[in-house]
Every structure is written in C-alpha cells, then in structure tokens.
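Reading the structure
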Amino acid sequence: NSEYMLIKSVLSIGKQDLESITNLMDNAVQFLNNDFKILEEIVDILEPFYEISIKCQAEMIVTISLVVPAIVHLITHLRDIKENLLFCNKLVEQLQSSIEKRFLGIINRLNQVNVEVNDPFSDSIYFMATVLDPSFKFHWIRDLKLPPNVENRLKHNIIQLILDEISKDLKTSTEMSDH
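Not measured: the values here are computed from a predicted model.

1. Some remarks on the packing of helix α4 (residues 67–81) against helix α5 (residues 89–102)
Running from amino to carboxyl end, α4 crosses α5 at an angle of 155 degrees, the nearest separation of the two axes being 10 Å. Here α5 runs roughly antiparallel to α4, going by the angle between their axes. Judged by the sense of rotation from one axis to the other, the crossing of α4 with α5 is left-handed. Where α4 approaches α5, its residues Ile71, Leu74, Ile75, Leu78, Arg79 and Ile81 are matched on the opposing element by Val92, Leu95, Gln96 and Ile99. Classifying every residue of the contact of α4 with α5 gives eight nonpolar, one polar and one charged.

Next up, the structure:
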C-alpha cells in the first residue's frame, strides 16, 4: 500500500513540476515518457489491491464474507487489465501467480477442481460466508464471465458444499446428544 500511495503521489505532482523538483537535486533524475506510463500502469494494476486491503482492515464490518468476492475481483481485474498494458505484463503475471498460490483452495473451488485439506484457504467457510451474506449471495460470480452451464455448475457445487457442511454439523450434534 505504501508503494502504491508513493507512486500515486509522484503521478499527482505532474510531469513539469516533477522535472522542476528533480532539476534542483544534486544528481538530477530524468523521467522519460515511458516512466510515467509505467507508473500509471502500476497504479491501475495495484488500485484494487489497495482498496481491498483497506476494506479488510476495517474494524466494524465482518470480513470473512469479503474473501471470495475480493479474490474473484482481483483475478478478474488482472485478467481484464492485461489487454491494456504495454509495460507491466510481467507484474500482472507475478500477481496472478501469487494469488493462485496464496489462495489455492479458493482458486481450485472456483475452477471446480479437487481441493486438498492442506491447500491455503481450503476451508468451505469462505464460500459459505459469502453466499449467505445478503450483500454478496452469488452476485460476485458474474465477474468470472463463465459460460452459463459452468456458472450453474459452480453455483450448484457451492450449494452442495454448504449442504454437506450442514449435514456434518447435524451428524456431529446428533452423535453428541446420543452420548
């Protein structure tokens, strides 16, 4: 976040004012046109990361239901921004790779592939909290731009995940009351 804010501050100064400032330095730094384009691309890429991190640091809201929509927003943002970039494609690829690694359980559920218990964020609670949160429900799925049959299968899998979790809880509570 601090790097994002720093770059945004540098861009807000403006090219001519920035050149005036750097000319006053002992070792003047020269900004090329591409340097500003690169900084603008970096700000465009990192903005959703900044916004999500600020939201998730809030003390007065429940954040577990934000996890899945936030991850979906980030992966779709990175997917969609690629076509508009000239310089920062490698940064986008590294961010995508980092998200896939760090949130493997969520990514695998979204891709409807097997989720291992030890995968990071593999707990079904993240999807349950999101779908049961009235402000999210299944609205976040639209960002994935899936074909209708794939989207319906994903919704069905998530509903089944919730039902399986409920039946586990029912089974556990029944077994405990029997003892």
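2. Quick word on helix α7 (residues 125–132)
At 3.6 residues per turn, the α-helix brings residues three or four places apart onto the same side. Taking burial as the measure, the eight residues of α7 include six buried ones, the bulk of the element. Of the residues making up α7, those classed as buried are Tyr126, Phe127, Met128, Ala129, Thr130 and Val131.

3. Points about the nonpolar core
Ile45, Ile99, Ile106, Leu110, Phe127, Trp140 and Ile158 are the most contacted members of the largest nonpolar core, which has 42 residues in total. Those elements that provide at least two residues to this core are α1 (2–13), α3 (33–56), α4, α5, α6 (104–110), α7 and α8 (148–178). Counting residues per element, this core draws most heavily on α4, which supplies eight residues. Those residues within four positions of Leu110 in sequence are excluded, and the remaining contacts are Val72, Ile75, Phe127, Trp140, Leu144 and Leu154.

4. Some details on the pattern of salt bridges
For the coordinates displayed, the defined rule picks out four salt bridges. The closest approach of N and O atoms between Asp80 and Lys145, which form a salt bridge, is 3.7 Å. Separated by 65 residues along the polypeptide, Asp80 in helix α4 and Lys145 in the loop between α7 and α8 bring together distant segments of the chain. On the accessibility criterion, Asp80 (29% relative accessible area) is partly exposed. A salt bridge links Glu151 to Lys155; the shortest N-O distance between them is 3.1 Å. Pair noted here: Glu151 and Lys155 are both in helix α8, with a separation of four residues, about one helical turn. Classification of Glu151 by relative accessible area gives buried; the value is 17%. A relative accessible area of 24% places Lys155 in the partly exposed class.

5. As for the side chain of Gln96
If you trace the backbone, Gln96 turns up in helix α5. In this structure, Gln96 is in contact with Leu78, Arg79 and Lys82, ignoring residues within four places of it in sequence.

The rules behind the values
Residues numbered from 1 in each chain as written. Predicted model: local features only at pLDDT ≥ 70, side-chain atom pairs only at ≥ 80, totals over all residues. Heavy atoms only, no water. Axes fitted to C-alpha atoms, helices over the stretch in contact; angles between N-to-C directions. Helix = DSSP H or I, 4+ residues; strand = E, 2+ residues; numbered from the N terminus. Parallel < 35°, antiparallel > 145°, perpendicular 65-115°, else oblique. Left-handed = near helix turned anticlockwise from the far one by under 90°. Contact = heavy atoms within 4.5 Å. Nonpolar A, V, L, I, M, F, W, Y, C, P; charged D, E, K, R; others polar. Buried < 20%, exposed > 50% of the residue type's maximum accessible area, 1.4 Å probe, protein only. Core = buried A, V, L, I, M, F, W, Y, C linked by side-chain atoms within 4.5 Å. Salt bridge = Lys/Arg side-chain N within 4 Å of Asp/Glu carboxyl O.

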